[in-house]
Structure formats: C-alpha cells, structure tokens
Amino acid sequence: MSLLFIMLLTGCSFFGNGLIKGEVQTIRIAESNGFASEISNDFFNEIKDEEEIKQFKHAINSAVKQPGVVDMIDPVYDVELIINDEASQELYLWLYESSGSVMTVEDTNTVYSISEKEAEKLYNIVR
C-alpha cells in the first residue's frame with residue numbers, strides 16, 4: 001500500500017501541471033501591455049539555449065494551480081513559446097526576484113504559483 005502511495009506521489013510530481021506541451025525551441029519574452037487580445041511582440045529576450053529552455057519549462061510545469069477564479073493585476077511579461085517551428089503557445093508571466101505566477105492566455109481565470117526557488121532561476125534566465 002505504501003509503495004502504491006509513493007508511486008502516486010512521484011507520478012503526480014513528475015507530470016506536473018502540463019502547462020507547456022511539446023518540445024520548445026525558442027522562448028520569446030516581452031514586457032506586457034496588460035491583458036489584451038494579443039501578446040506584445042516587442043520581444044527584449046529570445047532564449048534558444050537548451051539548458052535554459054529546460055529550466056524555464058520545468059519552472060512553469062512545476063507551478064501549482066491556485067484554487068478559485070482569480071483577479072490579477074496586469075502581467076509583467078508576455079511569453080511566446082515556439083514549439084517545433086510550426087506552433088506557438090502564449091503565457092502571461094508575473095516574475096520577481098523570489099516569486100512568480102503564470103497563466104495561459106487561453107485561460108485567464110486560472111493562475112499557477114511558481115515556487116521561490118524556481119522563480120529565482122526564471123528571473124535570472126528572463127532578465
């Protein structure tokens with residue numbers, strides 16, 4: 001029974017929240033203009049380094065969904081993820097030196113909190 005419980009816990013943490021799907025090739029970061037029908041395309045950072053992409057993806061996919069419907073201030077950053085050169089995914093990101101939150105552009109009623117450790121890593125990658 002305890003082995004089953006450990007496997008269940010390990011499985012849940014391994015799969016995470018699944019916010020980022022697919023193999024990310026490029027991450028583009030722009031200062032956000034707030035909630036809009038389209039994210040800003042005035043990118044100040046473009047991340048292509050495989051290790052940084054891996055860390056970014058891990059930080060986002062390990063973020064914890066917060067209960068209830070949220071009412072957030074405007075995002076700090078708009079993020080575009082280029083996946084396999086043919087598809088993209090867009091995120092809103094609130095990121096500070098030791099805290100962060102993320103939501104998908106498609107679901108602005110759900111927010112995910114990024115752990116302090118992961119937020120610190122992300123902050124260093126994004127800036």
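Enquirer: Give a detailed account of the overall build of the protein chain, specifying residues and quantitative values.
Expert: When its secondary structure is counted, the protein chain shows three helices and seven strands. Moving toward the C terminus, one meets the helices and strands of the protein chain in the order α-β-β-α-β-β-β-β-β-α. Buried residues in the protein chain amount to 39% of all 127 residues. Counting contacts in the protein chain only where the partners sit at least 6 residues apart, residues at least 24 apart contribute 59% of the total. When the accessible surface of the protein chain is summed, it comes to about 7,900 Å², and 50% of that surface belongs to carbon and sulfur atoms.

Enquirer: Can you lay out the pattern of salt bridges for me, pointing to particular residues and giving the numbers?
Expert: All chains considered together, the criterion is met by four salt bridges. We note a salt bridge from Glu118 to Lys121, for which the minimum N-O separation is 3.7 Å. Placement of both Glu118 and Lys121 in helix H3 (residues 116–126) is noted, with a separation of three residues, approximately one turn of the helix. Residue class for Glu118 comes out buried when judged on its relative accessible area of 7%. Sharing partners across several salt bridges, the network here consists of Arg28, Glu46, Lys48 and Glu80.

Enquirer: Talk me through the pairing of strand E1 (residues 24–31); I want residue IDs and the actual numbers.
Expert: A regular strand places its side chains so that they alternate between the two faces of the sheet. Of the pairings in the sheet, the one linking E1 to strand E4 (residues 77–83) comprises seven bridges and is antiparallel in character. Pairing of Ala30 across the sheet is with Asp78, part of E4. By the bridge criterion, four bridges tie E1 to strand E2 (residues 43–47) in an arrangement that is antiparallel. Considered in E2, the bridge of Ala30 is made with Phe43.

Enquirer: Let's hear about the nonpolar core: which residues, and what values?
Expert: Counting 25 residues, the largest nonpolar core has Ile27, Phe56, Ile60 and Val102 as the members making the most contacts within it. Those elements that provide at least two residues to this core are E1, helix H2 (50–61), E4, strand E5 (87–95), strand E7 (112–114) and H3. Apart from the residues lying within four places of it in its own chain, the contact partners of Val102 are Leu19, Ile60, Ala63, Leu91, Tyr92, Leu93, Trp94, Thr110, Val111, Tyr112 and Ile114. Residues Ile39, Tyr92, Trp94 and Val111 belong to the second largest nonpolar core, which totals seven residues.

Enquirer: Please set out the environment of Ala119 residue by residue, giving values where relevant.
Expert: You can see Ala119 is positioned in helix H3. The buried category is assigned to Ala119, whose relative accessible area is 0%. Distance from Ala119 to Phe56, taken between C-alpha atoms, is 9.5 Å for residues 63 residues apart in sequence. Once residues within four sequence positions are removed from consideration, Ala119 is found in contact with Leu95, Tyr96, Glu97, Ser98, Ser99, Gly100 and Ile114.

Enquirer: Could you give an account of the sheet that holds E7, with specific residues and numbers?
Expert: Paired through backbone hydrogen bonds, the strands of a sheet run either parallel or antiparallel to each other. Spatial ordering of the open sheet is given by E2-E1-E4-E5-E6-E7-E3, a layout of seven strands whose pairing is antiparallel. In this open sheet, the two edge strands, each paired with only one partner strand, are E2 and strand E3 (64–65). Against the sheet, H2 touches E1, E2, E4, E5, strand E6 (100–104) and E7, its axis set at about 70° to E1.

Enquirer: Break down the packing of H2 against H3 for me, with residues and values.
Expert: Relative orientation of the contacting elements H2 and H3 amounts to 140°, with a least axis distance of 10 Å. One finds that H2 runs oblique with respect to H3. For H2 against H3, the interelement crossing comes out left-handed. Along the contact surface, H2 presents Glu52, Gln55, Phe56, His58, Ala59 and Ile60, while H3 presents Glu118, Leu122, Ile125 and Val126. For the contact of H2 with H3, a count of residues per class yields six nonpolar, two polar and two charged.

About the thresholds
Residues numbered from 1 in each chain as written. Predicted model: local features only at pLDDT ≥ 70, side-chain atom pairs only at ≥ 80, totals over all residues. Heavy atoms only, no water. Helix = DSSP H or I, 4+ residues; strand = E, 2+ residues; numbered from the N terminus. Buried < 20%, exposed > 50% of the residue type's maximum accessible area, 1.4 Å probe, protein only. Contact = heavy atoms within 4.5 Å. Areas by Shrake-Rupley, 256 points an atom, 1.4 Å probe, with all protein chains shown as cover. Salt bridge = Lys/Arg side-chain N within 4 Å of Asp/Glu carboxyl O. Pairing = 2+ DSSP bridges. Core = buried A, V, L, I, M, F, W, Y, C linked by side-chain atoms within 4.5 Å. Axes fitted to C-alpha atoms, helices over the stretch in contact; angles between N-to-C directions. Parallel < 35°, antiparallel > 145°, perpendicular 65-115°, else oblique. Left-handed = near helix turned anticlockwise from the far one by under 90°. Nonpolar A, V, L, I, M, F, W, Y, C, P; charged D, E, K, R; others polar.

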